[in-house]
Amino acid sequence: MKQQTAQTRTKRGTPDFQLLILTLLLVGFGLVMVFSSSSSIAIASESFNNDALYFTKKQLIWAIIGLFGMFFAMNIRFNKYKKLYAPFFLFTTALLLLVLVSGAVLNGARSWIRVFGFSLQPAEFAKIAIILYLSALITKKGERFRDFKTGYFPVLFIVGFIAGLIMLQPDFGTCFILVSTCGLVIYAGGANMKHIMGSILLVALGGALAFGASALFSSMSPDNPSVDSTATAKQNYKIGRIQAFLDPLSDPTDGSLNLYRSLVAIGDGGITGSGIGQGTMKLHYLPNAYNDFIFSVIGEELGFIGSALFLLVYLYFIWRGIIVSLRCPDPFGTLVGIGIMGLIAIQAFINIGGVTQTIPVTGVTLPFISYGGTSLFVMMVAMGIVLSISRTNNLEAIKEEKTKSVTVQTRTSPALRSRDAIRRVR
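From a predicted model like this one, the values you see are computed outputs, not experimental measurements.

**Some thoughts on the packing of aromatic side chains**
Next, step 1: One pass over the structure, following the stated rule, counts 21 aromatic pairs.
Next, step 2: For the ring pair Phe 48 and Tyr 54, a centre distance of 5.1 Å and an interplane angle of 40° mean the geometry is tilted.

Right under this line is the structure:
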């Protein structure tokens, strides 16, 4: 019985140990930083029950749920996701439509819905659903994917449809991440470069026209009843973010306040930082310190050395996931793995780039680190899929090693050497 159990486990393969440990380390570090960046705000506010652990406990609950989700996804053979992608994609699309009708408005965007007492952000699920859908579709089409009408255009239509639903919320940051990730999967899937470049130019032109028309619309006289004051305020807010990116010192009391304080926090950290929990900018100075600007808290409390070490671990984690994906013998697994690790890398770059004035601030979470239950859960389940891919890779490696071992034993067997010697004598 024990031998049969061992054989069954061997057939399933083992997950990549390094990738699993790195995922758990990032989640654990995220819990520490959520507590450090939110405790002072929560304990001073009746809205959070004057509980220093208010945000940390919520994040811990989602981390535990995400842990179960990750191990569940890890124990499903990755090739089964070829069958599961369609219902998951349809379910996610239904949620995106539902959120436009009955979603809760937060920070000017209708992005949340309440399900069984939990606040969920359907756009987070859409990131994984579109990766699975595109990977399955591209793999199924094969060489036909390079044809524009039968291969590339249907894929482009699907991406545009989902991106359009997210933009209706509106959520530009998530939309940009989703489109960028899809572009990476499409490129890895072997799309024609002419088609890709044409799509990039088309998106850039459309975005420029939309932004220009919106700016013109907001510049109209406020006395005109046809002008929506809410839309104008949103447009001015977007323009303010771009102006803050270009010059964070232009008006440190208004549009560029968040970025200005973020840079001050990182600068105050110096080489070694003030120590975990000892930062000052999170004390009602830096907004969303436990969410969008959590890297600013890391920079202040851990300093340059700690921030650099964190980024090195993060980069190694992404690199390890890409290596696991490239080793997969199935093109579907490779595309899914590259899409997931690309998603994490792109979102991390946008978050860190925004708070360090590398790019304009868009307001997205830092994967595994920022406060946000839906984001953490989805990212952990996504890593479960990558770990499932690694189990298949290790299983194939074991089979290959056994084949080599049998071949070597056959070639070096004493009995065979004796037989060959007798034949040569004869």
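**Notes on empty space enclosed by the protein**
Next, step 1: As enumerated under the stated definition, the model contains two cavities of 30 Å³ or more in all.
Next, step 2: Size it by volume and the largest cavity reaches roughly 50 Å³.
Next, step 3: Asp 292, Phe 293, Ile 350, Asn 351, Gly 354, Val 355, Val 361, Thr 362, Gly 363 and Val 364 are the residues that line the largest cavity.
Next, step 4: Residues of the lining of the largest cavity, tallied by class, amount to five nonpolar, four polar and one charged.
Next, step 5: Of the pockets and cavities examined, the second largest cavity occupies roughly 30 Å³.
Next, step 6: Forming the walls of the second largest cavity are Thr 365, Leu 366, Pro 367, Phe 368, Ser 370, Tyr 371, Gly 372, Ser 375, Leu 376 and Met 379.
Next, step 7: When grouped by side-chain class, the residues that make up the lining of the second largest cavity number six nonpolar, four polar and no charged.

**Things to note about the confidence of the model for the protein chain**
Next, step 1: The pLDDT averaged across the protein chain works out to 80; a share of 76% of its residues lies at or above 70.
Next, step 2: For residues 221–236, every residue scores under 50 in pLDDT, and the model assigns this stretch 16 contacts once sequence neighbours within four places are set aside.
Next, step 3: Contacts from residues 406–419, a stretch scored under 50 in pLDDT, to residues over four places away or in other chains number two contacts.

**As for unusual backbone geometry**
Next, step 1: Its identity is not glycine, yet Asn 49 carries a phi of approximately 60°, on the positive side.
Next, step 2: Positionally, Asn 49 belongs in the loop between α2 (17–43) and α3 (54–74).
Next, step 3: Judged by relative accessible area, which is 59%, Asn 49 ranks as exposed.
Next, step 4: Of note, Asn 50 is a non-glycine position whose phi angle comes to about 50°, a positive value.
Next, step 5: Position of Asn 50 relative to the elements: it lies in the loop between α2 and α3.
Next, step 6: For Asn 50, a relative accessible area of 41% translates into the label partly exposed.

**Re the pattern of salt bridges**
Next, step 1: By the definition in use, this model includes five salt bridges.
Next, step 2: Of the charged contacts in the structure, one is a salt bridge between Arg 320 and Asp 16, with a shortest N-O distance of 2.7 Å. Taken as a pair, Arg 320 in helix α11 (residues 294–326) and Asp 16 in the loop between α1 (2–12) and α2 lie far apart in primary sequence, 304 residues in all.
Next, step 3: Judged by its relative accessible area of 13%, Arg 320 falls in the buried class.
Next, step 4: Assessed through its relative accessible area of 8%, Asp 16 is described here as buried.

The rules behind each value
Residues numbered from 1 in each chain as written. Predicted model: local features only at pLDDT ≥ 70, side-chain atom pairs only at ≥ 80, totals over all residues. Heavy atoms only, no water. Phe/Tyr/Trp six-rings, centres within 6.5 Å; stacked < 30°, edge-to-face > 60°. 1 Å grid on protein atoms, 1.4 Å probe; cavity = no way out; pocket = protein on both sides within 12 Å on 5 of 7 lines; lining within 4 Å. Points joined across faces, edges and corners; volume = space filled by probe spheres on them. Nonpolar A, V, L, I, M, F, W, Y, C, P; charged D, E, K, R; others polar. pLDDT = per-residue confidence, 0-100. Contact = heavy atoms within 4.5 Å. Helix = DSSP H or I, 4+ residues; strand = E, 2+ residues; numbered from the N terminus. Buried < 20%, exposed > 50% of the residue type's maximum accessible area, 1.4 Å probe, protein only. Salt bridge = Lys/Arg side-chain N within 4 Å of Asp/Glu carboxyl O.

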